[in-house]
Amino acid sequence: VTLMDWMAADLESAYGLAESSRPRLQPAYETLNSQLLAFQEMLVTKVINTSDFDSEPATFAAQGSQVLKAALELAQALEPEIRTSLDTRHAAALQKLHFSLISLGLVVLLLIYLTTGAYISILRGIHELQDSTDAMARGDLTRRARILASDEIGTTAAAFNHMSEGFSLLIG
């Protein structure tokens with residue numbers, strides 16, 4: 001596997017580039033690969049394996065500049081694919097964000113609806129009991145509380161009705 005093949009595979013996997021992009025990018029890959037190999041050869045043969053560095057610093061710098069230039073050309077060639085990939089990912093992320101926000105809004109509305117319903121149900125039972133106790137306090141022993149639910153308030157209304165019945169029987 002050449003350095004160019006490794007770079008191409010790495011770029012394709014990193015940016016999700018289509019295989020169809022490879023022919024258009026091939027010249028930039030090849031230029032960069034040849035420049036890298038030449039630079040690598042210079043480093044190995046002239047710097048690492050010998051004690052005599054017989055290349056001029058300007059030659060070494062020029063070789064490094066050619067590698068950088070080839071890398072920039074490849075980056076410029078990749079820019080449309082990377083931009084397309086980023087735009088696609090950005091659009092997908094925005095879609096997920098919008099879905100999440102809408103879902104959150106619906107959950108909040110459902111919670112408000114359920115809480116309001118429970119609140120109204122509880123208050124209705126309490127108001128019914130309050131009205132019945134007020135009527136009894138004014139002397140109306142025939143008044144009974146309507147049992148609106150089978151919860152604790154409904155049980156309390158049933159107990160109130162039983163108490164009212166007892167008072168009615170005692171007082172007459």
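What this report covers is the structure whose coordinates are included nearby. Keep in mind that what you see is a predicted model, and the values were worked out from it rather than measured.

1. A closer look at the overall build of the chain
In step 1: Helix and strand content of the chain: 4 helices and 0 strands.
In step 2: Helices and strands in the chain line up, N terminus first, as α-α-α-α.
In step 3: Expressed as a percentage of the 172 residues in the chain, the buried residues total 23%.
In step 4: When contacts within the chain are restricted to residue pairs at least 6 apart in sequence, those whose partners lie at least 24 apart make up 55%.
In step 5: Accessible area for the chain stands at about 12,100 Å²; split by element, carbon and sulfur atoms hold 64% of it.

2. Details of the packing of helix 3 (residues 57-137) against helix 4 (residues 152-171)
In step 1: Following both chains from N to C, one finds helix 3 and helix 4 inclined at 15°, their axes separated by 10 Å at the closest point. Considered as vectors, helix 3 and helix 4 are oriented roughly parallel to each other. Taken as a pair, helix 3 and helix 4 cross one another with a handedness that is left-handed. Contacts between helix 3 and helix 4 pair Ile122, Gly125, Ile126, Leu129, Ser132, Thr133 and Met136 from the former with Ile153, Thr156, Ala157, Phe160, Met163, Ser164 and Phe167 from the latter.
In step 2: When grouped by side-chain class, the residues that make up the contact of helix 3 with helix 4 number 9 nonpolar, 5 polar and no charged.

3. With respect to the environment of Phe167
In step 1: Here Phe167 shows up in helix 4.
In step 2: Phe167 sits in the partly exposed class, given a relative accessible area of 36%.
In step 3: For the pair Phe167 and Thr142, spaced 25 residues apart in sequence, the C-alpha to C-alpha distance is 9.6 Å.

4. Looking at helix 4
In step 1: Between its first and last C-alpha, helix 4 extends 28 Å over 20 residues, near the 28 Å set by a 1.5 Å rise per residue.
In step 2: Among the residues of helix 4, those classed as buried are Ile153, Gly154, Ala157, Phe160, Asn161, Ser164 and Ser168. Down the axis of helix 4, the buried set is contained in an arc of 110°. They therefore lie on one face. Away from its buried face by more than 90 degrees, helix 4 exposes Glu152, Thr155, His162, Leu169 and Leu170.
In step 3: Considering only its buried residues, helix 4 is in contact with helix 3.
In step 4: Two or three places before Ile153, at the start of helix 4, stands the capping residue Asp151, its side-chain oxygen 3.3 Å from that residue's backbone nitrogen.

5. Examining the nonpolar core
In step 1: Within the largest apolar cluster, 10 residues are counted, these being Leu25, Ala28, Tyr29, Leu32, Phe39, Val67, Ala70, Leu74, Ala77 and Leu78.
In step 2: Breaking this core down by element, the ones donating at least two residues are helix 2 (22-48) and helix 3.
In step 3: One finds Leu129, Ala145, Ile153 and Phe160 within the second-largest nonpolar core, a separate group that totals 6 residues.

6. With respect to the pattern of salt bridges
In step 1: Considering all chains together, one arrives at 3 salt bridges under this definition.
In step 2: Note that Arg83 is salt-bridged to Glu79, the shortest N-O span being 2.7 Å. In this pair, Arg83 and Glu79 both sit in helix 3, 4 residues apart, roughly one turn of the helix.
In step 3: With a closest N to O distance of 3.1 Å, Arg146 and Glu128 form a salt bridge.

7. Considering the environment of Leu123
In step 1: Topologically, Leu123 is positioned in helix 3.
In step 2: Looking at Leu123, the relative accessible area reads 27%, which means it is partly exposed.

Cut-offs used in this document
Residues numbered from 1 in each chain as written. Predicted model: local features only at pLDDT ≥ 70, side-chain atom pairs only at ≥ 80, totals over all residues. Heavy atoms only, no water. Helix = DSSP H or I, 4+ residues; strand = E, 2+ residues; numbered from the N terminus. Buried < 20%, exposed > 50% of the residue type's maximum accessible area, 1.4 Å probe, protein only. Contact = heavy atoms within 4.5 Å. Areas by Shrake-Rupley, 256 points an atom, 1.4 Å probe, with all protein chains shown as cover. Axes fitted to C-alpha atoms, helices over the stretch in contact; angles between N-to-C directions. Parallel < 35°, antiparallel > 145°, perpendicular 65-115°, else oblique. Left-handed = near helix turned anticlockwise from the far one by under 90°. Nonpolar A, V, L, I, M, F, W, Y, C, P; charged D, E, K, R; others polar. Expected span 1.5 Å × (residues − 1). Arc of directions from axis to C-beta. Polar contact = N/O pair within 3.5 Å; in protein donor to acceptor, adjacent residues only side chain to side chain. Core = buried A, V, L, I, M, F, W, Y, C linked by side-chain atoms within 4.5 Å. Salt bridge = Lys/Arg side-chain N within 4 Å of Asp/Glu carboxyl O.

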